[in-house]
Amino acid sequence: MKRFRCLAVFCAVLICCGILGATVMQVPVLAATVQQTERYSPYRTTQKISYYSAPKASAKAVGTLSKGKTIAVVKGSKQQVGAMPWYQVRIGSKRYYVKNAGIKKIAVARPSVNGTLRVKGTKLVDKNGETVQLRGISTHGIAWFPQYINASCFRQLSQDWNVNCIRLAMYTEEYGGYCSGGDQKALEDLIVKGVKYAKQQNLYVIVDWHVLSDGNPNAHLKEAKQFFKRISARLKGYNNVLYEICNEPNGGTTWQQIRSYANKIIPVIRKNAPNSVIIVGTPTWSQGVEEAAKTPLKQKNLLYALHFYAATHKSELRNSMIRANKAGLPIFVSEFGISEANGNGTVDTAEANRWVTAMEQRGIGYMMWNLSNKDEASSLLKSSCTKTANFSGSDLSASGKWLYRLLTGLSAPSASGSSDTATGGSATSNSQPTQTVTGSTGKVTHQATLVNQWTSGDTTFYQYTLKVSNSSSQSVDWTVSLSFNSAITLQSGWNGNFTVKGKTLRITGADYNNTVAVGATISD
């Protein structure tokens, strides 16, 4: 759900007008805070398409979108024009229209709908055998950045970012790691808490045994057995949990050594989670998928990890992924970034887009590294961001903005979990607030004119002057109705009476400013 916030301030000054003159009297400011809700669904272009300013067969194209582009379609905006359905979409800061041909809705798998996942051939499938894809975010080390494991954060990622999976990365040997002096009970409790939050927000979740500096997962085989025995027992019964048993084997660790480790760990997990999907790392920082494809493990419901960082890993590794997948290996990108392989340096969005195209074509899921404000290019948040939820566009790094656009087709979220600002006035084809709103009831007319707008924190304010005129033959009690782009919720109001129905905010005067005399105008 996308939530759009604004403070619509309607300033009223009462002017009682006669034929030969006017008596001017100021009245208190009339104001209301409204929240506008607009919902989007992510679609992907299946071919090069055009977009238009209006849903008309005769309309000329405003621009084009390339194949594989994610776009945000306004829910409920489908219109039938002749034989062709049209949709309203959000592109950048404006709204346009596209024809139904050439776009396809992106299916976002959810535990409540798709249930327990399993592996069939090279695909991840749901309880009905339908192919699904996991698209999500990996935390950084939970011992270092535990603050992001909270209900509000997971809610925003699920509802606003279209994320359907969270990866909980628990380092094994680094400082504070599970095998290097970290508080094992606290780390396990944090994972359980993360799984519960994920379940509440309809997310799948990956429990990641984050091997890195230890290189060979067999270095901590005993601890791994203990951990997976305890954590799988505590998570027994959850249908949204996947297990990743060795993040990035490295330092010359061979596929045979990884196979030996996996054959000891998988049965431990299977005792408590017999049908769970297990992700197995591959040699050379989980890049050696072709080695794994030659002699895959014999157990069922396994995925094989491939990791890439777009500014370092180009077509050579991508082609290796494609070859291994064609050879029958079910691959899952449990970690990737658009930065260099060290998690820092430059970002390469062009190469990242090529990776996404390749993964989407093969139904390979992907998890982006990392949810933190660490001062490095791969972090999704700026280092200056101290929030742990309700992230706005200004909180996101280049990596974060790229991912949000990829998953939603929108430019950036607001702090309330939205991607746009509410616009006063009637529905419009772009995101800018309506400059003038007019209407009438009989011989009583009203006009609200935008005179100012400003931003404070993460909230945008719009100030209108309000004028109500009575040209009838008797005094009347005035009423103003203002229409917004979609449903609104009234949060507060003063010096007037406010009611909301759907997209309309209805305002009537208070007992001291309600009546408009014959020939008079309420204005500022």
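All values derive from a computational prediction rather than experimental measurement.

It is worth spelling out the pairing of strand E11 (residues 94-99) at this point. Across six bridges, strand E10 (residues 84-91) lies against E11 in antiparallel orientation. In the sheet register, Val 89 faces E11, and the bridge partner there is Tyr 96. Between E10 and the antiparallel strand that follows it, E11, lie two residues; Gly 92 among them carries a positive phi value of about 65°.

Turning to the packing of helix H3 (residues 184-200) against helix H4 (residues 221-234), a few remarks are in order. Two measures define how a pair of helices packs: the angle their axes make with one another and the distance between the axes. Two elements in contact, H3 and H4, have axes separated by 10 Å at closest approach and are oriented at 35°. The chirality of how H3 crosses H4 is right-handed. Along the contact surface, H3 presents Gln 184, Glu 188, Asp 189, Ile 191 and Val 192, while H4 presents Phe 227, Arg 230, Ile 231 and Arg 234. A breakdown of the residues in the contact of H3 with H4 according to their chemical character gives four nonpolar, one polar and four charged.

Okay, the pattern of salt bridges next. For the coordinates displayed, the defined rule picks out 14 salt bridges. Here Glu 360 makes a salt bridge to Arg 135, at a shortest N to O gap of 3.0 Å. Here the residue Glu 360 occupies a position in helix H9 (residues 349-362), and Arg 135 occupies one in strand E15 (residues 135-139), the gap between them amounting to 225 residues. The exposure classification of Glu 360 matches that of Arg 135, with both residues buried. With a closest N to O distance of 2.8 Å, Asp 189 and Lys 185 form a salt bridge. Separated by four residues within a single helix, Asp 189 and Lys 185 lie in helix H3, roughly one turn from each other. With relative accessibility at 26%, the residue Asp 189 sits in the partly exposed group. The structure contains a network of salt bridges with shared partners spanning Arg 167, Asp 208, Glu 244 and Glu 335.

Our focus in this paragraph is a positive patch on the surface. Taken together, the side chains of Lys 69, Lys 382, Lys 401 and Arg 405 define a basic patch exposed on the protein surface. For Lys 69, the position within the fold is in the loop between strand E7 (61-65) and strand E8 (70-74).

What follows deals with the packing of aromatic side chains. Taken as a whole and assessed by the stated rule, the structure comprises 18 aromatic pairs. On the basis of an interplanar angle of 85° and a centroid distance of 6.3 Å, the ring pair of Phe 154 and Tyr 197 is categorised as edge-to-face. Of the two residues, Phe 154 sits in helix H2 (residues 151-159) while Tyr 197 sits in helix H3, which places them 43 residues apart along the sequence. For Tyr 197, a relative accessible area of 21% corresponds to the partly exposed category. On the numbers, 5.9 Å between centres and 85° between planes, the contact of Phe 336 with Tyr 366 is edge-to-face. A residue pair is termed long-range when its members are at least 10 positions apart, and Phe 336 in strand E21 (residues 331-337) and Tyr 366 in strand E22 (residues 366-371) qualify at 30 residues. The two residues Phe 336 and Tyr 366 agree in class, both being buried. Linked through ring pairs, Tyr 178, Trp 209, Phe 227, Phe 228 and Tyr 243 together constitute an aromatic cluster.

Here the focus is the side chain of His 140. Position of His 140 relative to the elements: it lies in the loop between E15 and H2. Filtering out sequence-adjacent residues up to four positions away, His 140 remains in contact with Phe 145, Ala 169, Tyr 171, Trp 369, Asn 370, Leu 371, Ser 372, Lys 374 and Glu 376.

Confidence along the protein chain averages 83 in pLDDT terms, with 79% of residues attaining 70 or more. A low-confidence stretch, residues 1-37 (pLDDT under 50), is modelled with 148 contacts involving residues beyond four sequence positions or located in other chains. With pLDDT under 50 throughout, residues 453-462 is counted as low confidence; its partners more than four residues away or in other chains account for 28 contacts.

Take the sheet that holds E21 next. One closed barrel holds the eight strands; their spatial order is E15-E16-E17-E18-E19-E20-E21-E22, and the pairing between them is parallel. In this sheet, neighbouring strand axes are inclined to one another by 30° on average, regardless of whether the strands run parallel or antiparallel. The strands touched by H4 are strand E16 (165-171), strand E17 (204-210) and strand E18 (241-244); relative to E17, the strand with the most contacts, the crossing angle is about 160°. The strands that helix H10 (residues 398-408) touches are E15, E21 and E22; relative to E22, the one it contacts most, it runs at about 145°.

Remember that side chains alternate between the two faces of the sheet whenever the strand is regular. Extensive coverage of E8 is indicated by the burial of five of its five residues. The alternating pattern of E8 places Thr 70, Ala 72 and Val 74 and Ile 71 and Val 73 on opposite faces, both of which are buried. As paired elements, E8 and E10 share two bridges and run antiparallel to each other. Looking at E10, one finds that Ala 72 is bridged to Arg 90.

Rules used in this analysis
Residues numbered from 1 in each chain as written. Predicted model: local features only at pLDDT ≥ 70, side-chain atom pairs only at ≥ 80, totals over all residues. Heavy atoms only, no water. Pairing = 2+ DSSP bridges. Helix = DSSP H or I, 4+ residues; strand = E, 2+ residues; numbered from the N terminus. Axes fitted to C-alpha atoms, helices over the stretch in contact; angles between N-to-C directions. Left-handed = near helix turned anticlockwise from the far one by under 90°. Contact = heavy atoms within 4.5 Å. Nonpolar A, V, L, I, M, F, W, Y, C, P; charged D, E, K, R; others polar. Salt bridge = Lys/Arg side-chain N within 4 Å of Asp/Glu carboxyl O. Buried < 20%, exposed > 50% of the residue type's maximum accessible area, 1.4 Å probe, protein only. Patch = residues over 30% accessible without salt bridge, like charges linked within 9 Å, V, L, I, M, F, W, Y side chains within 5 Å. Areas by Shrake-Rupley, 256 points an atom, 1.4 Å probe, with all protein chains shown as cover. Lys, Arg positive; Asp, Glu negative; His and termini not counted. Charge placed at Lys NZ, Arg CZ, Asp CG, Glu CD. Phe/Tyr/Trp six-rings, centres within 6.5 Å; stacked < 30°, edge-to-face > 60°. pLDDT = per-residue confidence, 0-100.

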